[in-house]
Amino acid sequence: VQLQASGGGLVQAGGSLRLSCVASEDIISSIDAMGWFRQAPGKEREFVAAITWSGGSTYYADSVKGRFTISRDNAKNTVYLQMDSLKPEDTAVYYCTAARSPPPPLLLGVRTHEYDYWGQGTLVTVSS
């Protein structure tokens, strides 16, 4: 498994969860950026947040800005998504993803085709 995500679960509205994603050794040297997308039932997969692997630049979807924080630990080949002030509309399967190169002229992509590797997804359910 090249990207292994974990940390999903059931939480009440207003609560917090932290997702983790570990990248395997065979791809880590080729990664330029990592990120998270999510897909709610009946909806398309949407961008949540991304971070460059070397410089740590970040970008967030407007819907999560100020509530979610993406970070990475290069020594552990791991990216995190700290999710605070969760809302029922945050309920979705969250997918970890990684890109080999940035989408010029941008540093970080927001579309699924701009990413090369995908994890298996972890379910986040926020109850009202």
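Residues numbered from 1 in each chain as written. Predicted model: local features only at pLDDT ≥ 70, side-chain atom pairs only at ≥ 80, totals over all residues. Heavy atoms only, no water.

Visitor: Whenever I open this one, unusual backbone geometry confuses me. Can you help?
Guide: Most peptide bonds take the trans configuration, and most residues that are not glycine carry a negative phi. Of note, the bond from Pro104 into Pro105 is cis; its omega dihedral lies within 30 degrees of zero at 5°. Secondary-structure assignment places Pro105 in the loop between strand E9 (92-99) and strand E10 (117-118). Positioned with a positive phi, Asn77 is a non-glycine residue whose angle comes to about 55°. Inspection of the secondary structure puts Asn77 in the loop between strand E7 (68-73) and strand E8 (78-83). A positive phi angle, close to 50°, is found at Ser85, a residue other than glycine. One can find Ser85 in the loop between E8 and E9. (Helix = DSSP H or I, 4+ residues; strand = E, 2+ residues; numbered from the N terminus.)

Visitor: What is the right way to look at the sheet that holds E7 in this model?
Guide: Strand pairs in the sheet, formed through backbone hydrogen bonds, run parallel or antiparallel to each other. Strand order in this open sheet of 4 strands is E1-E3-E8-E7, and the pairing throughout is antiparallel. Both edges of this open sheet fall to strand E1 (3-6) and E7, since each of them pairs with a single strand only. Here the average twist between neighbouring strands, direction ignored, is 15°. Where E1 and strand E3 (residues 17-23) come together, 4 bridges link them in antiparallel fashion. If you follow Gln4 over to E3, its bridge partner there is Val22. (Pairing = 2+ DSSP bridges. Axes fitted to C-alpha atoms, helices over the stretch in contact; angles between N-to-C directions.)

Visitor: Can you help me understand the environment of Gly55 in this one?
Guide: Checked against the element boundaries, Gly55 lands in the loop between strand E5 (46-52) and strand E6 (58-60). A relative accessible area of 60% places Gly55 in the exposed class. Taking C-alpha positions, Gly55 is 21 Å from Leu19, a pair spaced 36 residues apart along the chain. (Buried < 20%, exposed > 50% of the residue type's maximum accessible area, 1.4 Å probe, protein only.)

Visitor: Looking at this model, I keep getting lost on the packing of aromatic side chains. Mind explaining?
Guide: The geometry of an aromatic ring pair is captured by two quantities: the separation of the ring centres and the angle between the planes. Per the stated rule, a full pass over the model turns up 5 aromatic pairs. For the pair Tyr115 and Trp118, a centre-to-centre distance of 6.4 Å together with 65° between the ring planes defines the contact as edge-to-face. Classification of Trp118 by relative accessible area gives partly exposed; the value is 28%. The aromatic ring of Tyr95 is capped on one face by Arg45, whose charged end is 3.6 Å from the ring centroid. (Phe/Tyr/Trp six-rings, centres within 6.5 Å; stacked < 30°, edge-to-face > 60°. Lys NZ or Arg CZ within 6 Å of the ring centre and 35° of its normal.)

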